[in-house]
Amino acid sequence: MSLPSYYTASTKERRDPPFNNLCDQCKRDFPPGQTWTWTGKCCEDIKNGTTVRISSTRKLIDSAKGGCHLCILILGAFHETFFAGSDGKIFGFDEGKYQLQAAQDIPGWTLKLFLDCPNLRRLSDLSFPSDDLRVDLLLLLLHDQPKELSTGKSVWTLDTTRVGTIFQMDSVQIDSVCNLGSSAIVQIKTWMEVCQRDHLVCKSRQDIPFSATEPQFRLINVGNSVESAVYLVYSGDIVGDFNYITLSHRWTEETKKTKLTRSDLPQYLSCMPYMDWPATFRQTISIARQLQIKYVWIDSLCIIQDQQDWAVQSQLMHRIYAGGVLNLAEVATPTMANGLQLHRDPLEISPCILSGRVQEYGTPMLYFLCWRPNEFRDRVDNSPLYQRGWTFQERLLSKRTVHFGPQLYWECAALHASETFPIGVDTPDQPTFVDDFVQRLKTQLQTPRQGADKAQAARDLHSIWCSIVRFYSKTELREESDRLVAISGIATSIMNLYAFQSDDYIAATWKPCLPEQLLWARDENCSHWSKDKGNFDYAPSWSWASCSGRTRFTRINFRPPFGRTYLIRVDSIGDFEKPAGISQKDSMLLGGNLISVVFKPEIWKRRRSERNFYVAASEVHKNMSSNSQILVELDRPVPSCISHTKLLPVWNDFGTIEGLFLGLMKEASNEVAVYRRLGYFTCQSHDLYGEAGVCMNELKSEIEHILQTTPPFKLV
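This one's a predicted model, so the numbers in the text were calculated from it and none came from an experiment.

Conventions adopted
Residues numbered from 1 in each chain as written. Predicted model: local features only at pLDDT ≥ 70, side-chain atom pairs only at ≥ 80, totals over all residues. Heavy atoms only, no water. Helix = DSSP H or I, 4+ residues; strand = E, 2+ residues; numbered from the N terminus. Buried < 20%, exposed > 50% of the residue type's maximum accessible area, 1.4 Å probe, protein only. Contact = heavy atoms within 4.5 Å. Areas by Shrake-Rupley, 256 points an atom, 1.4 Å probe, with all protein chains shown as cover. pLDDT = per-residue confidence, 0-100. Salt bridge = Lys/Arg side-chain N within 4 Å of Asp/Glu carboxyl O. Pairing = 2+ DSSP bridges. Axes fitted to C-alpha atoms, helices over the stretch in contact; angles between N-to-C directions. Polar contact = N/O pair within 3.5 Å; in protein donor to acceptor, adjacent residues only side chain to side chain.

A. Molecular detail of the overall build of the chain. Each helix and strand counted, the chain has 23 helices and 33 strands in total. A burial count over the chain gives 58% of its 716 residues as buried. Of the contacts made within the chain by residues no fewer than 6 positions apart, 71% connect residues no fewer than 24 positions apart. Surface summary for the chain: the accessible area is close to 31100 Å², and the carbon and sulfur share equals 49%.

B. Looking closely at the confidence of the model for the chain. On average, the chain scores 82 in pLDDT, and the residues at 70 or more come to 80%. Low pLDDT, under 50, characterises residues 1-15; the stretch is placed with 45 contacts to residues that sit more than four places away or in other chains. Low pLDDT, under 50, characterises residues 575-584; the stretch is placed with 23 contacts to residues that sit more than four places away or in other chains.

C. Focus on the pattern of salt bridges. Here the structure, examined in full by the defined rule, presents 22 salt bridges. A salt bridge links E254 to K257; its shortest N-O distance comes to 3.3 Å. Taken together, the residues span about one helical turn, with E254 and K257 both in helix α8 (residues 253-257) at a distance of 3 residues. According to the relative accessible area criterion, E254 is partly exposed, its value standing at 39%. Where R372 meets D378, a salt bridge forms, and the shortest distance between an N and an O atom there is 2.7 Å. The exposure class assigned to R372 is buried, which follows from its relative accessible area of 10%.

D. Inspection of the sheet that holds strand β8 (residues 218-221) at higher detail. Spatial strand order, β9-β8-β11-β10-β12-β17-β18-β19: 8 strands in an open sheet with mixed pairing. Only two strands of the sheet have a single neighbouring strand rather than two, namely β9 (231-234) and β19 (416-418). Pairs of neighbouring strands in the sheet enclose a mean axial angle of 30°, with direction left out of account. As paired strands, β8 and β9 are joined by 4 bridges and run antiparallel to one another. Along β9, the bridge assignment pairs N221 with Y231. Sheet strands touched by helix α10 (residues 279-290): β10 (244-248), β11 (295-297), β12 (326-330) and β17 (400-404). Its angle to β10, the strand with the most contacts, is close to 155°.

E. Quick peek at the side chain of Q283. Along the chain, Q283 turns up in helix α10. A residue is classified by how much of its surface remains accessible, and Q283, at 12% relative accessible area, is buried. Here the side chain of Q283 touches N338 through a polar contact of 3.0 Å, landing on its backbone oxygen.

F. Fine view of the sheet that holds strand β3 (residues 108-116). If you walk across this open sheet you meet the 6 strands as β1-β2-β3-β4-β16-β15, and the pairing is antiparallel. Edge positions in the sheet fall to β1 (50-56) and β15 (352-356), since each has one partner strand and no second. Across this sheet, the average inter-strand angle for adjacent strands is 25°, counted without regard to direction. With 6 bridges joining them, β1 and strand β2 (residues 97-105) adopt antiparallel strand pairing. Counted as the bridge partner of T50 is A102 from β2. Along the sheet, helix α3 (residues 57-65) contacts β1, β2 and β3; its crossing angle with β1, the most-contacted strand, is approximately 85°. Each of β1, β2, β3, β4 (134-141), β15 and β16 (366-371) touches helix α4 (residues 69-82); the most contacted strand, β4, lies at about 140° to it.

Shown next as structure tokens:
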């Protein structure tokens, strides 16, 4: 699907873009300066609102091509939400219908857009549910007149007097046809100045100084002008404090041609041939010079691309990205942009201003701002760049990031902003539209926690790690061996945050909250499940990192341990001899109540390839009632060589048991028995401890006896 284009091949600004121009259909629905008749019907059904329009997608496409600003926004909302990176025609988008429904909001309306494409609904490989093809626009009340800036641009401000909040949101209609130019540099400088001056959470972050005994990292000295030489320097050779810019980008064939090798290093320490570099690298140098920042860090050019240097430098990622004054991120798709630079249609990124009279607000003519609140999520969070595992860490650790997409997007711990919403993109009455997980995690990672109560620190740690794993595990890595390394910088930052020791972290799992960290399961929408054979060369089976694809912890927030009983004893992790014949990265020596599960051979043959299934209590204890069931969720299909299985209860939380489903790898003889995690299970306590259940005091006494008397076993 082709959206209308008004830009030219140059970077010059087009004069007077036709902002707020409407087609005949939009003029009937939102008559300029006249009464919007449909607004009165919204009051009759506050929840569902009223239908404003039902029309064909073909007419929508034609109106957008004709220059209707509102139709361009509607078409863009459908395209970005459902067809980003593809052509909507192949899904039959241009053969369908859509419905525009308005629901009352304060101060304005939510415009609900429902897509009805018969051909689309028959497809089974969609990345979104075809039974709920909905996307929203917001239509919010503005102050009567815009403010005029010295640049000649008009700034519209949300009318917060009707919202009952001191929140302010300004909007600008952008007339530049390129996201990279003099106006972009001015905007970046403004964001940086505001952040460094006003954002307490960003200013409170303390950089960790390098010690003389630690490895140095390299930077590219780009100078301050186009005539300046470009060459590599070692951080330890720079006298005094210094600022530098980092870059988050996608590796391409061009990147491989310009990577640093050992043979290049002597020459690059005196001169680097940067004019031959990819556009993204050259543009990074240009931006740094215009911002008067003398140094740049680019991974492929500052790390020698061999195992020896990579092993050292990859351990410094938490310092490198956290220490940079600004990170530049290439979020536009390769087909849209030339490096960081992208030509754009101002009408696609600028909100539309509608005027009309609304009975509820009296007789004066009012102005309303119409825009897509999910733009930041669709164009930044869901960009191809952040589908990569390495860039997740880069984004979280960076103090400040400018994302280069159809427009510039600013991100720090205190602010999400864009060119069209320069002081913020959050809305006061629609917090659900803002996917702020990165902001939340940035704030948590930048707030000192030393001296906190150990129990509370463990709870906070688990909560933070749950969010990190949830988002990191859905990213892709070219090499599975990078799964632990690509998150190690975040882990190191957490160690510093809580003053933990390095041995508190093992195999992407934290010892201070180990029982909770063992309770994870695969996401039910994970597409990797059936093909996953386990990354056991790089992580043990009990770690979520042994899986490819999205995983989740079953308990994100856990309260103080009233009513909860731990059911395992952890003797040691990774500090003893690994069992002969078992090649595993980190083993764990445990004690607990291993409960045998006896399957009939034909049943086990079927179940070991099912993602989840129920185990009848009678398969665990013969005297159990047949209607009791235990839910098992497998991590991956179970190899046919494993036939003996056990349940290991990990904790009891007010009668709900959660634990691990294990497979026997090696029988106990002179050595202890060896097990591998196969999955996760949950049930009610009476399913394991009897139909009548066990009171808390009895259970605690029984567990203490079990943990004291049961022989240890190894989990690998």
